[in-house]
Amino acid sequence: MSIGVGLVGYGVQFGMGKHHAEQVRQTQGLELRGVYDIDPSRRETARVEQPGARVYDTYEGMLEDPGIDTVVLITPHDTHAPLSVQASRAGKHVITEKVMCLNTKEADEMISAAREADRALTVYQNRRWDGDYLTVLNVMESGALGRVFQIESSVNGWWFPAGWRGLKAQGGGMLYDWGAHLTDQLVQLMLPAKPVSVYATFHHGGHDVDVETQATVVIRFENGVAAQIDVGCVSHISRPRWLVRGERAALLMEGSDSAKIKGDLEDTSGEMTVAVEKSDWHAFYKNISRHLNEGAVLAVKPEEVRIAIGVIEAAFESGRTGQVVDF
Ligand SMILES: NC(=O)c1ccc[n+]([C@@H]2O[C@H](COP(=O)([O-])OP(=O)(O)OC[C@H]3O[C@@H](n4cnc5c(N)ncnc54)[C@H](O)[C@@H]3O)[C@@H](O)[C@H]2O)c1
């Protein structure tokens, strides 16, 4: 028997509705059964592009359908919490796109609603399966760097945050967008060590939008590591994607497809190239299917994503006050 999946949001900006449809269709044990978008023209597109899937005129219509077991929320950030709680209360499992939600209060409401309904809740943190992140994880776990004390993770360049991405009220801005991936990756790299304090600076400007166009966040973890996220769309010169400093060696990834370690390394001149791992975003949906069909452990646990939401929340507070925010 397959788990019936309904997609909510079939947007045009990055074709993410179509992306999720493809992922679901490729996953054994899952079946794409429905699509809903608030915009009738996107529903028409879904009708053409997703034959065999029912297209609903209302969200409630999808939630009332017993053939839909799981909804996937692929909508603007401010809608994730209310749509998620509504789906849990209707007895559906929920997969929400990143960012999980706007703050920890919303995260708690989502987690409680899912627990009360005894339904799954998870977040599409697909970048936990990015090749560059997996490379950092492997190198750190190998011990080659010695004791790691500093991590810099950056995504910046020059682009325009279009549509709702440029609107604060809808959860736009750098930190909720790329920042949602970078904070989640850092939390995963550090667990079980948790964040203890956050300091952040924000820049607004360079594009005609009401959100931050640059965010730099320093997170101290209880294991002593200081990690920095740097994310922005007004950067004429970018930082490397990753720089990880350990007491024995440091790892540099200028982009996502090359990696080198330099330092006190056995059998080398002190510098060596590292093979970059392959990305495997499909691992997310394979895990969902195994979780829902066979009871496997959920890879992306909402309680862990909530830690990253706490970092984002603390960063905005730090930006407002100019102070370090302790957890
Ligand atoms: N994980 C990734 O790699 C990745 C990449 C891109 C986007 N995203 C995420 O996907 C989500 C959507 O982004 P996007 O780029 O597809 O945006 P988009 O603007 O292209 O699409 C959003 C769609 O949601 C619809 N919508 C808005 N409110 C709705 C509601 N209440 N009910 C139903 N439909 C509604 C809109 O009509 C639109 O078609 C965001 O959370 C974004 O962060 C994730």
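So, how was this worked out
Residues numbered from 1 in each chain as written. Predicted model: local features only at pLDDT ≥ 70, side-chain atom pairs only at ≥ 80, totals over all residues. Helix = DSSP H or I, 4+ residues; strand = E, 2+ residues; numbered from the N terminus. Buried ≥ 20, exposed ≤ 12 C-beta atoms within 10 Å, placed from the backbone. Pairing = 2+ DSSP bridges. Right-handed = clockwise from strand over helix to strand, strands pointing away. Expected span 1.5 Å × (residues − 1). Contact = placed C-beta atoms within 7 Å. Domains from an automatic or database assignment. Nonpolar A, V, L, I, M, F, W, Y, C, P; charged D, E, K, R; others polar.

Caption draft 1: Just unusual backbone geometry, in detail. Here the residue pair Lys-98 and Val-99 is connected by a cis peptide bond, since its omega of -15 degrees sits within 30 degrees of zero. When you line up the elements, Val-99 lands in the loop between strand S5 (93–97) and helix H5 (104–117). In this chain, Leu-191 is followed by Pro-192 through a cis amide linkage whose omega measures 10 degrees. Position of Pro-192 relative to the elements: it lies in the loop between helix H7 (178–190) and strand S8 (195–203). Of note in the backbone geometry, Asp-118 takes a positive phi value of approximately 55 degrees without being a glycine. Mapping Asp-118 onto the fold places it in the loop between H5 and strand S6 (121–124). Note on Asp-118: 8 C-beta atoms within 10 Å, which makes it exposed.

Caption draft 2: Spatial organisation of the pairing of strand S2 (residues 30–36). Among the seven residues that make up S2, six are buried, leaving the element largely enclosed by the rest of the structure. The pairing of strand S1 (residues 3–8) with S2 spans six bridges and is classified as parallel. Bridge pairing in S2 places Gly-6 opposite Gly-34. Handedness of the crossover joining S1 and S2 through helix H1 (residues 16–25): right-handed. One ladder, built from two bridges, connects S2 with strand S3 (residues 54–55); its direction is parallel. By the bridge assignment for S3, Val-35 is matched with Val-55. Taken together, S2, helix H2 (residues 40–49) and S3 form a β-α-β motif whose crossover is right-handed.

Caption draft 3: Looking closely at H7. In this model, H7 (13 residues) spans 19 Å end to end at C-alpha, consistent with the 18 Å of a helix rising 1.5 Å per residue. Burial runs high along H7: 12 of the 13 residues are buried. Burial in H7 covers these residues: Trp-178, Gly-179, Ala-180, His-181, Leu-182, Thr-183, Asp-184, Gln-185, Leu-186, Val-187, Leu-189 and Met-190. Looking at the packing, one finds that the buried side of H7 touches helix H6 (131–142), strand S7 (148–156), strand S9 (214–221), strand S10 (226–232) and helix H9 (302–321).

Caption draft 4: Structural context of the domain arrangement of the protein chain. What the domain assignment reports for the protein chain is domain 1 (3–126 + 282–296) and domain 2 (128–279 + 310–326). Across the contact, 13 residues belong to domain 1 and 14 residues belong to domain 2. Per-class residue counts for the side of domain 1 that touches domain 2 are five nonpolar, six polar and two charged.

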